[in-house]
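# Understanding the architecture of this molecule
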Amino acid sequence: MKEKIQKALNKFKKNQNAKAVAGVAVIVILYVFFFNSKAIFKVKEKYKSTDINSQIELSDRTFTLEKWQYCENTKMMEVEFSIINKAYDGNDNYTYETVDRNGDMYDTSVMFTSPTLAVIRIYNVLPDFTGIRVAVNIDNGTKQNPAKFYVSCNSVERVAEIKDYKDINEYYVAKLNRYIEHYEKEKTDIQKKIDDAAVNVKNLEDLITTLESQKKYAAADELNNINRQIADVNKQLISANSNIKSLQSDIKTIDEKIDDYKAIKLIYE
């Protein structure tokens, strides 16, 4: 009898050990799956990225990111900043430090600089880069927290070539051309909305004409329904016409901005 009891206990222990091993195995599998799920499902990690036209304040200076381009053929980046020095201290010298997510530093040179514009280039950026950071600081011999700008492999503007300009005036003209191109595109998009709204207005006017003609042959109850429909369509028509006027006003504002940029261009050309 004792032998039977001992065998039963041994069998129970073996089963318990097997369950424990199985439990550990499940935990290990879930752990590995959790930390490798991005690779398994090929999920792209989101990297830090600074939007174009973003502004960062640093010691009474405003730095605006105007452009961040990457040319894979030359493995080179070009970054452009607009600068407003509200300190009016005459110190318009800045340092630029470029590093990637792995902490690797990149050679960086200043192509052009002025109190209001800085253009830098970053060299030997391989096509498989994930993220780059440029830290901008005031060159005054003191350490402080820099203005940090980021770009990711997905957000950078990829170009066939990075153009060379002979002087800073040409950089200003190129920047103004980008502004004009942006507003021309915005104007085209708004004009399409106006055209679509005009088609909608025409359809609503045709519907009102149709409903008005039906009133001649409608009974009392039907007439009330038609009048309600006409009132509803008229509300939509008023809203559509108001939208068109608003969009036309937007185009007028854009045209004024384009004219201003073209006038400024004449100074540098």
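For the structure given in this document, a descriptive report is provided here. (Residues numbered from 1 in each chain as written. Predicted model: local features only at pLDDT ≥ 70, side-chain atom pairs only at ≥ 80, totals over all residues. Heavy atoms only, no water.)

### Focus: the sheet that holds strand 5 (residues 105-106)
Counted only if it meets this: Two strands pair under a simple rule: DSSP has to find at least two bridges between them. In DSSP terms, a helix is any run of H or I states spanning at least four residues, a strand is any run of E spanning at least two, and both are numbered starting from the N terminus.
The four strands lie next to each other as 5-4-8-9, forming an open sheet whose pairing is antiparallel. The sheet terminates laterally at strand 5 and strand 9 (147-152), the two strands that pair on one side only. With six bridges joining them, strand 8 (residues 131-138) and strand 9 adopt antiparallel strand pairing. Looking at strand 9, one finds that V136 is bridged to A147.

### Overview of the pairing of strand 1 (residues 55-58)
Sheet topology note: the strand 1/strand 2 (residues 61-71) ladder contains four bridges and is antiparallel. In the sheet register, L58 faces strand 2, and the bridge partner there is R61.

### Quick word on helix 3 (residues 220-268)
Let me state the cut-off plainly: A helix is expected to span 1.5 Å multiplied by its residue count minus one. Partly exposed describes any residue whose relative accessible area lies between the buried limit of under 20% and the exposed limit of over 50%, with all areas from a 1.4 Å probe on protein chains only and scaled to the type maximum.
In a regular helix each residue adds 1.5 Å, so 49 residues correspond to 72 Å; helix 3 covers 73 Å between its end C-alpha atoms and thus fits that length. Along helix 3, the residues classified as buried are I226, I230, V233, L237, A240, I244, L247, I251, I254, I258 and K265.

### Description of the pattern of salt bridges
Counted only if it meets this: Any Lys or Arg side-chain nitrogen found within 4 Å of a carboxyl oxygen on Asp or Glu counts as a salt bridge.
In total, this model carries 15 salt bridges according to the counting rule given. A salt bridge links K67 to E78; its shortest N-O distance comes to 2.7 Å. Residue K67 is located in strand 2, and its partner E78 is located in strand 3 (residues 76-85); the two are separated by eleven residues in the primary sequence. The exposure class assigned to K67 is buried, which follows from its relative accessible area of 6%. Between K67 and E80 there is a salt bridge; the shortest N-O distance is 3.7 Å. Here K67, found in strand 2, pairs with E80, found in strand 3; they are 13 residues apart in sequence, far enough to count as distant. You can call E80 buried: its relative accessible area is 0%.

### Section: the nonpolar core
Test applied: In these notes, a set of buried Ala, Val, Leu, Ile, Met, Phe, Trp, Tyr and Cys residues joined through side-chain atoms within 4.5 Å is what counts as a nonpolar core.
Among the nonpolar cores identified, the biggest contains 26 residues, and W68, M77, F81, Y96 and V136 are the most heavily contacted of them. Looking at this core, the elements that each hand over two or more residues are strand 2, strand 3, strand 4 (94-100), strand 7 (117-122), strand 8 and strand 9.

### Describing the side chain of K265
Spelled out, the test is: In protein, a polar contact means a hydrogen-donor-capable atom and an acceptor-capable atom, both N or O and within 3.5 Å, with residues adjacent in sequence counting only if both atoms are side-chain atoms; elsewhere, any N or O pair within 3.5 Å suffices.
With respect to the secondary-structure elements, K265 resides in helix 3. In this structure the side chain of K265 is engaged in a polar contact, spanning 2.8 Å, whose partner is the side chain of N177.

Nothing here speaks to function; it is geometry throughout.
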